[in-house]
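# Residue-level structure breakdown
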Amino acid sequence: MKHNSSRIIFSSLNFLAVFALFGSVSTGASPTITPDITRLQTASTTGIPNDPPRKLIAMDQAGGRTADVEIDGNLAYAAIGPRIMAFDISDPHSPRLLGQSKSLGGLVKEVEVEGDFAYAGVYTSEGFEVLIFRIQDQKEFALSGNWDVDGDTHGMAARGSYLYLPLSTGTLQIIDVKNPYQPALASAIKLTGGSLADSKLVGTLLYVTAADGFLYVLDVADPASPAVIASINAGWWRSAPEIAMNGTGLYVVTVQKLFIFDINQPRSPNLLGVYQLFSDGEAVAAFGDYLAVTERGYLGRLTVVDVANKQAPRLVAALDMEVGGWKVAASGDHLYIADYGRGLQVVDVANPLLPEIVGSYLPVPMPENLAVEDGLLYLGDEMGALSI
């Protein structure tokens, strides 16, 4: 039956979980359950009896916000709630869940895949960490090591035995992960007093954006001694301006603007122009002569921009997305969009003028209510409490 009297609103817990409540259940042997979730935001207890405090032990978890997606051939790796999930996308119309990590104890912000390893930036009860996983059979995640971060990361990049971490503190860290069980700092370079935002690695050059409007180009041929070879103040303002690259074009999406650079001469990036967006740009990916830009306005939408002529970009299509994507990745004729509360969305752009959503994976929606029954607490989705 439905327990209206035991609903509590949670404002920021972004997944469905089942908890055991101890302290009011009958005595006996304590369940041997390993907690996956280490803390809950304090909830309003209006209308709840003033019982003695009881311990919450997480029994299981499912779903959550979809914050990032990384494509590796016919595989997609997504950051969903407190987990990394692996999908078979050989049929883009029907992404198939292959496997997932255990709950990592906090929300996963971003994921990067290189070879047999996945790197996850995770908000935990201890702060922000980058967790290193060995991917087994394309679907299993074995934790190998971790790297504690001061602040958090924005746009990790990985190549070979090195991991590049742009930090919210304005520092770029390069981590040696040859031994994933004992990652070591190869070098660190302070680029700005504000936050770094994103990075893209091309050959031995690393392109990094900063929230204060700067684009940096670094030579990382020697990861132990990175060198800034160019910087340009483009004048954007955004906590996390995203980068996409296509040939000699580099594109940065920010608040209502798309900045277009020619990087044919990496030591002298040339700002060609600024394209006005409909609303706040969130993420960008390049495919062919086109850009896919996700915007998070009142409803959110996907914008397709023709950049065959970088000095005269043209809007060619727009697709309403309701929420708009946090991250977007391109592979062949398809876009894969990490669409926050609407899961992983797949968009067919074989005809860039007519983008079409053709597939999706929807995890358990974000919860707003809960119910209690026989010592168990069930968090429900945003449509109401879960009936038990």
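Quick note: structure is the one above.
Definitions and cut-offs
- Residues numbered from 1 in each chain as written.
- Predicted model: local features only at pLDDT ≥ 70, side-chain atom pairs only at ≥ 80, totals over all residues.
- Heavy atoms only, no water.
- Helix = DSSP H or I, 4+ residues; strand = E, 2+ residues; numbered from the N terminus.
- Buried < 20%, exposed > 50% of the residue type's maximum accessible area, 1.4 Å probe, protein only.
- Contact = heavy atoms within 4.5 Å.
- Areas by Shrake-Rupley, 256 points an atom, 1.4 Å probe, with all protein chains shown as cover.
- Phe/Tyr/Trp six-rings, centres within 6.5 Å; stacked < 30°, edge-to-face > 60°.
- Pairing = 2+ DSSP bridges.
- Polar contact = N/O pair within 3.5 Å; in protein donor to acceptor, adjacent residues only side chain to side chain.
- Axes fitted to C-alpha atoms, helices over the stretch in contact; angles between N-to-C directions.
- Salt bridge = Lys/Arg side-chain N within 4 Å of Asp/Glu carboxyl O.

All right, on to the overall build of the chain then. Helix and strand counts for the chain stand at 0 helices and 32 strands. In the chain, which comprises 388 residues, the proportion classed as buried is 53%. A separation threshold of at least 6 residues defines the contact pool for the chain, and within that pool the share at least 24 residues apart is 44%. Carbon and sulfur atoms provide 48% of the accessible area of the chain, an area that totals close to 17,200 Å².

What follows covers the environment of P82. Relative to the helices and strands, P82 resides in the loop between strand 4 (75-80) and strand 5 (83-88). Taking the C-alpha atoms as reference points, P82 and S103, separated by 21 residues in sequence, lie 5.2 Å from one another.

Attention shifts here to the packing of aromatic side chains. In this description, a pair of aromatic rings is defined by centroid distance and the angle of the planes. Enumeration according to the criterion identifies 8 aromatic pairs in this entry. Centre to centre, the rings of F287 and Y290 are 5.7 Å apart; their planes meet at 25°, and the pair counts as stacked. The burial state of F287 is the same as that of Y290; both residues are buried.

On to the pairing of strand 8 (residues 117-124). For strand 8, the buried fraction is high: 7 of the 8 residues fall into the buried class. Judged from the 6 bridges that link them, strand 7 (residues 108-114) and strand 8 form a sheet pairing that is antiparallel. Note that in strand 8 the partner of V113 across the bridge is A118. Counting the residues between successive antiparallel strands, the hairpin from strand 7 to strand 8 contains 2 residues, one of them, G115, with a positive phi of roughly 65°. Bridge count for strand 8 against strand 9 (residues 127-136) is 8 bridges, and the pairing is antiparallel. The residue of strand 9 that forms the bridge with A118 is F133. Where strand 8 folds back on strand 9, the antiparallel hairpin that results is connected by 2 residues.

By the element assignment, T303 lies in strand 25 (residues 301-306). A relative accessible area of 2% means that T303 is categorised as buried. Among the polar contacts made by the side chain of T303, one reaches the side chain of E295 at a distance of 2.4 Å. A polar atom in the side chain of T303 sits 3.3 Å from the side chain of R301.

Strands belonging to one sheet form pairs held by backbone hydrogen bonds; the direction of such a pair is parallel or antiparallel. Pairing is antiparallel in the open sheet, where 4 strands are placed in the order 3-4-5-6. Where the open sheet ends on each side, the last strands, each with one partner, are strand 3 (66-72) and strand 6 (96-100). Pairwise comparison of adjacent strand axes, ignoring direction, gives a mean angle of 25° for this sheet. With 4 bridges joining them, strand 5 and strand 6 adopt antiparallel strand pairing.

All told, the structure shown has 8 salt bridges when counted by the stated rule. Among the salt bridges present, the one from D198 reaches K200, with a minimum N-O distance of 3.5 Å. Residue K200 is classed as partly exposed on the basis of its relative accessible area, which comes to 29%.

Keep in mind these numbers describe shape, not what the thing actually does.
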